[in-house]
Amino acid sequence: MPRKKNGKPGNKGNGYQVDPQMAQNPVLPLALRSNEHLTIAELEQWLWDAACAIRGATDAPKFKDFILPLVFYKRLSDVFDDECADWSKHFGDEAVAQQFIEEDHRQALLEGRRPMVRFLIPAAYRWEQLRNHGLAGLGEFVSEAMQQVAKLNPALDGVINVRDYNERQGGQRTLDDERLAALIEVISRHRLGLRNAEPDVLGRAYEYLLRKFAEGQGQSAGEFYTPKEVGWLIASLLDPRPRSTIYDPACGSGGLLIKARLYFEEHHPEERSKAPRLFGQELNPVTLAIAKMNMFLHDYTDALLLPGDTLRRPGFVAEGAGLRRFDYAVANPMWNQDGYDDEFYDHDPYGRCQGFGKPPAHSADWGWIEHIYASLNEQGQAAVVLDTGAVSRGSGSKNSNREREIRACFVERDLIEAVILLPDNLFYNTSAPGIVLLLRRQKPEERRNQLLLVNASQLFVKEKPKNVLSEEGIAAITEVYRAWESRPRLSRVITLEEARATDYNLSPSQFVDTTPAASYRPLPEILADLARVRAQREEAERELERLLSKLSIKQAPIEHGW
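What this report covers is the structure whose coordinates are included nearby. No experiment lies behind these values; they were computed from the predicted model shown.

1. A closer look at the environment of A456
So, step 1. Its location among the elements puts A456 in the loop between β12 (450–455) and β13 (460–461).
So, step 2. Along the backbone, A456 and L422 are 34 residues apart, and their C-alpha atoms lie at a distance of 5.3 Å.
So, step 3. Look past the residues within four positions of A456 in its chain and what remains in contact with it is I420, L421, L422, P423 and I477.

2. A word on a nonpolar patch on the surface
So, step 1. Taken together, the side chains of L523, I526, L527 and L530 make up a nonpolar region of the molecular surface, amounting to roughly 350 Å² of accessible area.
So, step 2. Mapped onto the fold, L530 is located in helix α17 (residues 523–550).
So, step 3. According to the relative accessible area criterion, L530 is partly exposed, its value standing at 40%.

3. Points about the pattern of salt bridges
So, step 1. Per the counting criterion, the structure on display carries 42 salt bridges.
So, step 2. One salt bridge in this structure joins D299 and R118, with 3.6 Å as the shortest N-O distance. Linking D299 in the loop between α11 (285–297) and β5 (304–307) with R118 in the loop between α4 (94–111) and α5 (127–132), this pair joins segments that are 181 residues apart in sequence.
So, step 3. The class of R118 is partly exposed, set by a relative accessible area of 30%.
So, step 4. One salt bridge connects R404 with E405, and the closest N-O pair in it is separated by 2.9 Å.
So, step 5. Its relative accessible area of 17% is what places R404 among the buried residues.
So, step 6. For E405, a relative accessible area of 37% puts it in the partly exposed group.
So, step 7. Residues joined by salt bridges that share partners form a network here, namely D82, D86, R191 and R195.

4. Some details on the pairing of strand β8 (residues 326–331)
So, step 1. In terms of burial, β8 is largely enclosed, as 6 of its 6 residues are buried.
So, step 2. Two strands pair when backbone bridges link them, and strand β3 (residues 245–248) and β8 are joined in this way by 2 bridges, in the parallel orientation. Bridge pairing in β8 links I246 to Y328.
So, step 3. Examined bridge by bridge, β8 and strand β9 (residues 376–386) share 5 bridges and lie parallel to one another. Within β9, the position partnered with A329 by the bridge is A382.

5. Comments concerning the packing of helix α9 (residues 228–238) against helix α15 (residues 471–483)
So, step 1. At their nearest, the axes of α9 and α15 sit 10 Å apart, and the two run at 25 degrees to each other. Looking at the two axes, α9 sits roughly parallel to α15. Like other packed secondary-structure pairs, α9 and α15 cross with a definite hand, here right-handed. Across from E229, W232, L233, S236 and L237 in α9, the residues of α15 making contact are I474, I477, T478, Y481 and R482.
So, step 2. Tallied by class, residues from the contact of α9 with α15 come to 6 nonpolar, 2 polar and 2 charged.

6. Comments concerning the pairing of β9
So, step 1. In terms of burial, β9 is a largely internal element, 9 of the 11 residues being buried.
So, step 2. The pairing of β9 with strand β11 (residues 435–440) spans 6 bridges and is antiparallel. The partner of Q381 across the bridge, within β11, is R440.

7. A few points about the side chain of R404
So, step 1. For R404, the location among the structural elements is in helix α14 (residues 402–412).
So, step 2. Within the structure, the side chain of R404 is placed 2.4 Å from the side chain of D503, a separation counted as a polar contact.

8. Comments concerning the sheet that holds β9
Within a sheet, each strand pairs with its neighbour through backbone hydrogen bonds, oriented either parallel or antiparallel.
So, step 1. With mixed pairing, 9 strands are arranged side by side in an open sheet as β5-β4-β3-β8-β9-β11-β10-β12-β15. The open sheet has two edge strands with one neighbour each: β5 and β15 (491–495). Strand-to-strand twist across the sheet, computed as the mean angle between neighbouring axes with direction ignored, equals 15 degrees.
So, step 2. Lying on the sheet, α11 is in contact with β4 (277–282) and β5; it crosses β5 at an angle near 170 degrees.
So, step 3. Along the sheet face, α15 touches β9, β10 (416–421), β11, β12 and β15 and points at about 165 degrees away from the line of β12.

9. Thoughts on the packing of aromatic side chains
So, step 1. Counted according to the given criterion, the structure contains 18 aromatic pairs.
So, step 2. Geometrically, the ring pair formed by F119 and F296 is edge-to-face, given 5.2 Å between the ring centres and 85 degrees between the ring planes. Note that F119 is positioned in the loop between α4 and α5 and F296 in helix α11, a separation of 177 residues in sequence. Just as F119 is buried, F296 falls in that class too.
So, step 3. Each ring, one from F279 and one from F326, has its centre 5.2 Å from the other, and the planes form 50 degrees; the classification is tilted. Of this pair, F279 sits in strand β4 while F326 sits in strand β8, and the two are 47 residues apart along the sequence. Across this residue pair, the class does not change: F279 and F326 are buried.
So, step 4. Positioned above the aromatic ring of F66, the side-chain terminus of R163 is 4.8 Å from the ring centre.

The rules we used
Position numbers for residues start from 1 in each chain and track the written sequence from start to end. Whole-chain, interface and lining totals are the exception, using all residues; otherwise, since this is a predicted model, local features are given only for residues with pLDDT of at least 70 and side-chain atom pairs are given and counted only at 80 or more. The side-chain figures draw on all heavy atoms in the structure; neither hydrogens nor water molecules are used. Counting from the N terminus, the helices are DSSP H or I runs at least four residues long and the strands are E runs at least two residues long. The contact criterion used throughout is that any non-hydrogen atoms of two residues lie within 4.5 Å. Like-charged residues within 9 Å of one another, or nonpolar side chains (Val, Leu, Ile, Met, Phe, Trp, Tyr) within 5 Å, are grouped into patches, provided each residue has over 30% relative accessible area and no salt bridge. Accessible areas in this description were obtained via Shrake-Rupley with a 1.4 Å probe; residue shielding takes into account the shown protein chains only. By salt bridge we mean one thing: a side-chain nitrogen of Lys or Arg within 4 Å of a carboxyl oxygen of Asp or Glu. Working definition: with a 1.4 Å probe on protein chains only, accessible area under 20% of the residue-type maximum means buried, over 50% means exposed, and in between means partly exposed. When DSSP locates at least two bridges between a pair of strands, those strands are taken to pair. Comment: axis = line fitted to C-alpha atoms, over the contacting stretch for helices; angle = value between 0 and 180 degrees taken between N-to-C directions. When an angle is under 35 degrees it counts as roughly parallel; over 145 it counts as roughly antiparallel; between 65 and 115 it counts as roughly perpendicular; any other value is oblique. Left-handed is the label given to a crossing in which the near helix is rotated counterclockwise from the far helix by less than a right angle, and right-handed is the label when the rotation is clockwise. Three residue categories are used. Nonpolar comprises Ala, Val, Leu, Ile, Met, Phe, Trp, Tyr, Cys and Pro, charged comprises Asp, Glu, Lys and Arg, and polar comprises the others, including Gly. Pairs of N or O atoms within 3.5 Å make up the polar contacts considered here, provided that, within protein, one atom can donate a hydrogen while the other can accept it, and that residues adjacent in sequence are counted only when both atoms are side-chain atoms. Two rings belonging to Phe, Tyr or Trp (six-membered ring only in the last case) form a pair when the distance between their centres is within 6.5 Å. Interplanar angles under 30 degrees mark stacking, angles over 60 mark edge-to-face geometry, and anything in between is tilted. Charge-over-ring placement is defined geometrically: NZ (Lys) or CZ (Arg) within 6 Å of the ring centre, and within 35 degrees of the ring normal.

Treat this as a map of the structure, not an account of what it does.
Written out as structure tokens, the structure is:
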């Protein structure tokens, strides 16, 4: 790897060698084509190579917090270079353009308007400076660069400066300078400018990397990543309107929000300017940073993501006006989350459980549903991924059960539109199947006092390490939902009376049997076969009698049971 040691070209040792040309050229050449246009497949392979570059004593997935900010930083730097080049053509002079850009950026921050460039990257901290920095002190320099860029661009604060690239644990660097240099070198292979990768292509490749990290992280991955197919299913079911608002109170890496907007843009290519605006809140600051990067890479700069515990301190509130209300809500909150007891619900300033009841302390599933319901406007709809037990716990029991009581309230108020049972082993943090619960404040007249239950447990493709909800499955579920129809082995529309009869157990598997129906041959065909077999048997008996007769043996009478 051609990298300087201590910033002095020509030094050798410590496991790396200096390219002889480096002694003559202090800047590493970027062997890149400015007009290269990357496909999503090329981007995916390249990003995974970057992850593998630091695979060593520790699995690469654990380094996602180092890799993702660097990929994002390179995109920022390359886009800034492209924007500077365009403005240089406009002004006819690069130095003049640079002066205008920097002054405009300063004024834009004061005036609260959009500047000439998306983000200002100082010359001292552009990507080529990271790549050409000496090996010694590289981690410290990368952290410094990200801190300085975040200071100049407040929107990036808490996004690129959450990771210390000089971090030590037990006296040892988490990511040493040699591996950091190797990672930077791999990321330098391609330009990520405006002409090299469309925002949605780069964003989808980024989502691919998130999925790969999720596959490697197993149980802990569920905190930040929902399988993309589940996201596409939810987007397809909600089918958001132009100029609408979509909210995720437990947004993780932002995947559900982004797929809802991508779905809109794919189905309304002429109305991209009217795309839904995205809002989210996330408790984990590192995951929130990943979500914000995800939004920027998709060029969804109008998305608003906030930190914090949504149930304890909702971010989207207006003083004196309570919770902000949205057109749509999507969510995959932590299942059966504890930590919210009676005292919390009793002192909730937003009264979210009023009229429904307090969820049990051992599971906040219905606490999330109550929050989401309170966050919907009068025409609002929501799709929430939950544990299957959320729609069945307590039903049929003689003992009182808080979840059953809350569920009964939602059913009786006709707020639950559908329940979809997902296949097993889709999610990275559990092999349990999960359900999608659809809420709707105002059902269409023809759906009043009815619920649609969909058993999609068989609609998957078996892959490693997880099953995948199939495209055909997503299409079939969407079709029966939109048509509001009962379909053998897939769906059933039930009435409010039927829901009461099962004590509000809304588990789709008890209403929709996916077992293939037994098939029987036509009776005439069966009788014909019996006659043929009887003839064969009679012929065999006659032949046996002839043989015995030749041997002078008398055969005993044969008794037939038919």
